[in-house]
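Reading the structure
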Amino acid sequence: MTNTLAEVPLEQITRFYEQAFRDLNRESPVPAVDVSYYPYVGLNQTIRVRDGKVFVRIADMCRDMPAEPHRALAYILVAKLLRRRVRAEANRIYDEYISSEEMRDRSSDRKRSHGRKIVTTSKGEVYDLDEIFDNMNFWFFGGKLAKPVLTWSVKKTYRILAHHDATHDTIVVSKSLDSRSVPRFIVEYIVYHEMLHIHHPTVHHKGRRYNHTPVFRRDEKKFPRYQEAEDWIERSVRKLKRNAKRK
Ligand SMILES: [Zn+2]
């Protein structure tokens, strides 16, 4: 693929992100933003927070995207990060660009040439645990929680949805949750629970081990949709299992 159009300079794109933070999050100072292109297969754009810095990765195939859709994408990604509603105008501008025939062709060309999608263990088919961890870390731990190894389980387990292995500093999340039928906030809640195990290590008292201490339970309820998440898990785990068996 040859690129005949001029690229919008990364510094200019970075300013779009800074502006989006300024507009969408007036109460807080604008964070440092690092924008780069990344050889994602297909149109994958990501935003994440690490150590208080915001990292934006834009799919390689958008290198010649004009300034306007870049600006729209900045508002879309920042709104997602901040859990704000995405402005309809931003969606319209960005969608118009990516649904052009040229972009659709590129997308399918790249998928063919790359063959099978490369799946790392933290990046599932639907949810990226790494990204979810970073966002939870930003919102609930001020970005200060040390990152463990994050991985989807190899098999779909239903009784145990996730666990934190302190010896190997690993959070394993059941593959059964990497599904479009599972809302994002459920995966966030489950990752958040495991993060609390890092934040509140096991207490040993008179020969017994306490994992879910009162402070742990108190923090768990800080998750904004705590009760909704608990109810969903209660209701849905059996259903997930039935659906899996049917396949
Ligand atoms: Zn637990």
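Structure first, text after, so check above.
Reading the values: rules and limits
- Residues numbered from 1 in each chain as written.
- Predicted model: local features only at pLDDT ≥ 70, side-chain atom pairs only at ≥ 80, totals over all residues.
- Heavy atoms only, no water.
- Pairing = 2+ DSSP bridges.
- Helix = DSSP H or I, 4+ residues; strand = E, 2+ residues; numbered from the N terminus.
- Axes fitted to C-alpha atoms, helices over the stretch in contact; angles between N-to-C directions.
- Contact = heavy atoms within 4.5 Å.
- Parallel < 35°, antiparallel > 145°, perpendicular 65-115°, else oblique.
- Left-handed = near helix turned anticlockwise from the far one by under 90°.
- Nonpolar A, V, L, I, M, F, W, Y, C, P; charged D, E, K, R; others polar.
- Donors = N, O, S within 2.8 Å, 3.2 Å for Na, K, Ca; no water.
- Buried < 20%, exposed > 50% of the residue type's maximum accessible area, 1.4 Å probe, protein only.
- Core = buried A, V, L, I, M, F, W, Y, C linked by side-chain atoms within 4.5 Å.

An order of 1-3-2 is seen for the three strands of this open sheet, with the pairing classed as mixed. Two strands close off the open sheet at either side, each with one partner strand: strand 1 (33-38) and strand 2 (46-50). In this sheet, adjacent strand axes meet at a mean angle of 25 degrees when their direction is disregarded. Here helix 1 (residues 10-24) sits on the sheet in contact with strand 1 and strand 3 (53-59), set at roughly 130 degrees to strand 1.

Running from N to C, helix 1 and helix 2 (residues 67-81) cross one another at 45 degrees; their axes reach a closest spacing of 9 Å. Between helix 1 and helix 2, the angle is such that the two are oblique. Crossing of helix 1 against helix 2: the hand is right-handed. Of the residues in helix 2, those in contact with Gln 12, Ile 13, Phe 16, Tyr 17, Gln 19, Ala 20, Phe 21, Asp 23 and Leu 24 of helix 1 are Ala 67, His 70, Arg 71, Leu 73, Ala 74, Tyr 75, Leu 77, Val 78, Ala 79 and Leu 81. Looking at the contact of helix 1 with helix 2 residue by residue, the class counts come to 14 nonpolar, three polar and two charged.

Donor atoms from the polypeptide that coordinate the zinc ion comprise His 193 (NE2), His 197 (NE2) and His 212 (NE2), at 2.0 to 2.1 Å from the metal. Every donor residue of the zinc ion comes from the same chain, spaced as H-x3-H-x14-H. Of this pair, His 197 sits in helix 6 (residues 184-199) while His 212 is found in the loop between strand 8 (208-210) and helix 7 (214-220), placing the two residues 15 residues apart along the sequence.

This part covers the pairing of strand 6 (residues 170-173). Every regular strand shows the same layout, with side chains that alternate between the two sheet faces. A two-sided burial pattern is seen for strand 6, the buried positions comprising Thr 170 and Val 172 on one face and Ile 171 and Val 173 on the other. Alignment of strand 4 (residues 149-152) against strand 6, held across four bridges, turns out to be parallel. By the bridge assignment for strand 6, Leu 150 is matched with Ile 171. Here four bridges tie strand 5 (residues 162-165) to strand 6, and the two strands are oriented antiparallel to one another. Opposite His 163, over in strand 6, you have Val 172 as the bridge partner.

In this section: the nonpolar core. Of all hydrophobic cores here, the largest spans 34 residues; its most connected members are Tyr 17, Val 54, Val 56, Ile 58 and Val 78. If you list the elements that add at least two residues to this core, you get helix 1, strand 1, strand 2, strand 3, helix 2 and helix 3 (88-98). Looking at this core, the element that brings in the most residues is helix 2, giving nine residues. Core analysis: the next-biggest nonpolar cluster, separate from the first, contains 33 residues, Leu 145, Tyr 158, Leu 196 and Leu 240 among them.

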